[in-house]
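Architecture and fold: a report
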Amino acid sequence: MFKALLLLTLLFPMISFGQGLAVTLENSREGSSFYSKKFTKRAYKKFKGQLSGNEASKLFKDVFLKQQSTQVCAYSLNDDLVTELKKKSLEKNFKNLIYLLRESNQIDDVVVRLLLEAKKVQETNPLDKDEEEIANLFDTEETEKLLKIVVSFEKRFLKNTCFDEAYQRYINELNRLKKNIEPYIVEALHFQAYRTGLITYSVYKLLEQGRLNSLEASRLTLQTYWDKLRTLRTQYPLDRGAEKSDFVSKKVQKFHLSRRQKLYDSYSDIQIILMANVIKKLRARLEYDAVAISGYRNGEIQETILLEPMERFRFAIKALRKEMSLLSLNTFFNGRSPDYIDLMVASYEIGIIPASELETVASLEEIWNPKKTFWDKAGIWIRTFSSVATIVIPPPYGFIPALVLVVIEGTVVKKKNQNSDDPTSMF
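Throughout what follows, the structure given in this document is the object of discussion. What you see is a predicted model; the values in this text were computed from it and never measured.

1. Regarding helix α4 (residues 74-87)
Along an α-helix, residues three or four positions apart point the same way, because every turn accommodates 3.6 residues. The first and last C-alpha atoms of α4 sit 20 Å apart over 14 residues, in line with the 20 Å expected at 1.5 Å per residue. What α4 keeps buried is the set Ala74, Tyr75, Leu77, Asn78, Leu81, Val82, Glu84 and Leu85. Just past α4, the residue serine 89 takes up positive phi, approximately 55°.

Shown next, in the form of structure tokens:
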């Protein structure tokens, strides 16, 4: 029931976007770019002398307005951008144009990544093949059916559809006929269809571009990013306007992605909302005037115990940890457990945490790291607490310091008495 209601809630605001692009791809959340090191290249500086930031912005806006709200496609967008660059004899400067657009905040790093990856796919050429190296396909009924799917790619899958989505649907169809079809079989099917004249070279090239770049494994396209973005911006308008945070642009360890890129690559709009609401609840609990434990008998209150300020904070933290663990049991997460940083970035993305607090709050992940000693954590706490002096802190402690104090105090108690609970602490 909850799942149905939430889906229904999300569908209503999306209806209003049916006739146009009410949300832009302009950067409204990221500070310095994940790709900022590339901005200093000599070729890029030379390109800026040939095409100003204002000219690049106008070029992009004109091209993007041609995109239909039902299909925001990185591949067609790239083609249109290259066409405009050719008019200025600057067609070799596609990447520099993308970096310039990011520098002027016309696009964010998620869009930069999607456009550059699409361009890489478009520039991929089929490998030279020796017929003896290609798997021999037996003339079976299954092979004939698979080849029919290959032949139907252009008219059945690609027509009126972005290439990335078309290729993913195409591979899914092959998998329906032959479960977990191996890449070398897909390669052989493409080559067989081209060699026997069943498909043209242009179609063969497209199919090989998709295969060589494992396009079927892509989790995020420009269209899906667009859909997520407009849902979130409609459900949660950015009341404080565009804010910029360097924290979300930093690289995630073991990923070739920034924290914000990872958020959109890994989670749906509904998941992002659910994650952010966990932090929203935490913030509300930390700002309660009072928290009490009540005992009932036969429906009547027998006893009420008011919690002291630090007990209230421990209650809030305990509730946070419980809700984080429960997220993995939610049907929308299917057993996946988002980490603390993911929750912080999700909360910032929809405006629950302002940019002024994000980096300080998110740094608490270091405190929670069980591999760090108490004194390591205490050092982080001291630096963190001193860095929030300019943030307005409601009494008695506020959102950021409360998190730190509770975690540190919990470590102290555990260190003092590891085998028993503190009798003075309820939580």
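2. Quick notes on the pattern of salt bridges
Working definition: two side chains of opposite charge can pair if their charged atoms are close together. Applying the stated criterion across every chain yields a total of 24 salt bridges. The salt bridge involving glutamate 30 is made with arginine 102; its shortest N-O contact spans 3.4 Å. One end of the pair, glutamate 30, is in the loop between α1 (2-15) and α2 (42-50); the other, arginine 102, is in helix α5 (residues 94-103), and 72 residues separate them in sequence. Here glutamate 30 and arginine 102 have matching classes, each one buried. Here arginine 260 ties to aspartate 108 by a salt bridge, and the two come within 3.2 Å at their closest N and O atoms. Residue arginine 260 is located in helix α13 (residues 259-266), and its partner aspartate 108 is located in the loop between α5 and α6 (109-122); the two are separated by 152 residues in the primary sequence. Each member of the pair arginine 260 and aspartate 108 is classed as buried. Taken together, the shared-partner salt bridges in this structure form one network comprising Glu30, Arg102, Asp108, Asp109, Arg233, Arg260 and Glu349.

3. Remarks on the state of the cysteines
Tallying each qualifying case throughout the model produces one disulfide. Here cysteine 73 connects covalently by a disulfide to cysteine 162, the sulfurs 2.0 Å from one another. Because the torsion about its S-S bond is 65°, the bridge between cysteine 73 and cysteine 162 counts as right-handed. Here cysteine 162 lies in the loop between α8 (153-158) and α9 (163-177) and cysteine 73 lies in the loop between α3 (53-65) and α4, a separation of 89 residues in the sequence. Take cysteine 73 and cysteine 162: they sit in the same class, and that class is buried.

4. Re the environment of aspartate 246
Tracing the sequence through the fold places aspartate 246 in the loop between α12 (222-235) and α13. Given the relative accessible area of 39%, aspartate 246 is considered partly exposed. A sequence separation of 109 residues divides aspartate 246 from alanine 355, and the C-alpha atoms of the two residues are 8.9 Å apart. Not counting residues up to four positions away in its chain, the partners in contact with aspartate 246 are Gly31 and Ser32.

5. Observations concerning the environment of tyrosine 99
Tracing the chain through its elements places tyrosine 99 in helix α5. For the pair tyrosine 99 and lysine 38, spaced 61 residues apart in sequence, the C-alpha to C-alpha distance is 7.7 Å. Tyrosine 99 has contacts with Tyr35, Lys38, Phe39, Tyr44 and Leu116, leaving out every residue within four places of it along the chain.

6. Observations regarding the side chain of glutamine 168
Here glutamine 168 shows up in helix α9. With relative accessibility at 17%, the residue glutamine 168 sits in the buried group. Here serine 218 takes part through its backbone oxygen, which lies 3.0 Å from a polar atom of the side chain of glutamine 168. When neighbours within four sequence positions are excluded, glutamine 168 is seen to be in contact with Leu215, Glu216, Ser218 and Thr221.

7. Looking at the pairing of strand β2 (residues 300-306)
When strand β1 (residues 292-297) meets β2, the two strands line up antiparallel, connected through six bridges. In the strand pairing of β2, glycine 295 is matched with glutamate 303. Between β1 and β2, which pair antiparallel in sequence order, lie two residues; one of them, asparagine 298, sits at a positive phi of approximately 55°.

8. Comments concerning the packing of helix α7 (residues 141-151) against α9
In the contact formed by α7 and α9, the axes pass within 10 Å of each other and the chain directions differ by 165°. It follows that α7 is roughly antiparallel to α9 by the angle criterion. Crossing hand, α7 versus α9: right-handed. Here Glu142, Lys145, Leu146, Ile149 and Val150 of α7 lie close against α9, whose contacting residues are Tyr170, Glu173, Leu174 and Leu177. When the residues that make up the contact of α7 with α9 are grouped by side-chain class, the tally is six nonpolar, no polar and three charged.

9. Concerning the packing of aromatic side chains
Per the counting criterion, the structure on display carries 15 aromatic pairs. Ring geometry for phenylalanine 153 versus phenylalanine 163: centroids 6.4 Å apart, planes at 90°, classification edge-to-face. In this pair, phenylalanine 153 is assigned in helix α8 and phenylalanine 163 in helix α9, connecting sequence segments 10 residues apart. Judged by its relative accessible area of 0%, phenylalanine 153 falls in the buried class. Given a relative accessible area of 6%, phenylalanine 163 falls into the buried group. Note on tyrosine 267 and phenylalanine 333: the rings are 6.4 Å apart at their centroids and 55° apart in plane angle, and the pair reads as tilted. Of this pair, tyrosine 267 sits in the loop between α13 and α14 (269-286) while phenylalanine 333 sits in the loop between α15 (309-327) and α16 (340-349); the two residues are 66 residues apart in sequence, bridging distant segments of the chain. Neither residue differs from the other here; tyrosine 267 and phenylalanine 333 are each classed as buried. Among the aromatic side chains, those forming a connected cluster through ring pairs are Tyr75, Phe153, Phe157, Phe163, Tyr167 and Tyr170. We note arginine 29 situated over the ring of tyrosine 348; from NZ or CZ to the ring centre the distance is 4.0 Å. Looking at lysine 119, its charged tip hangs above the ring of phenylalanine 94, at a distance of 5.0 Å from the centre.

Criteria and thresholds
- Residues numbered from 1 in each chain as written.
- Predicted model: local features only at pLDDT ≥ 70, side-chain atom pairs only at ≥ 80, totals over all residues.
- Heavy atoms only, no water.
- Helix = DSSP H or I, 4+ residues; strand = E, 2+ residues; numbered from the N terminus.
- Expected span 1.5 Å × (residues − 1).
- Buried < 20%, exposed > 50% of the residue type's maximum accessible area, 1.4 Å probe, protein only.
- Salt bridge = Lys/Arg side-chain N within 4 Å of Asp/Glu carboxyl O.
- Disulfide = S-S within 2.5 Å.
- Contact = heavy atoms within 4.5 Å.
- Polar contact = N/O pair within 3.5 Å; in protein donor to acceptor, adjacent residues only side chain to side chain.
- Pairing = 2+ DSSP bridges.
- Axes fitted to C-alpha atoms, helices over the stretch in contact; angles between N-to-C directions.
- Parallel < 35°, antiparallel > 145°, perpendicular 65-115°, else oblique.
- Left-handed = near helix turned anticlockwise from the far one by under 90°.
- Nonpolar A, V, L, I, M, F, W, Y, C, P; charged D, E, K, R; others polar.
- Phe/Tyr/Trp six-rings, centres within 6.5 Å; stacked < 30°, edge-to-face > 60°.
- Lys NZ or Arg CZ within 6 Å of the ring centre and 35° of its normal.

Purely geometric numbers; function is a separate question.
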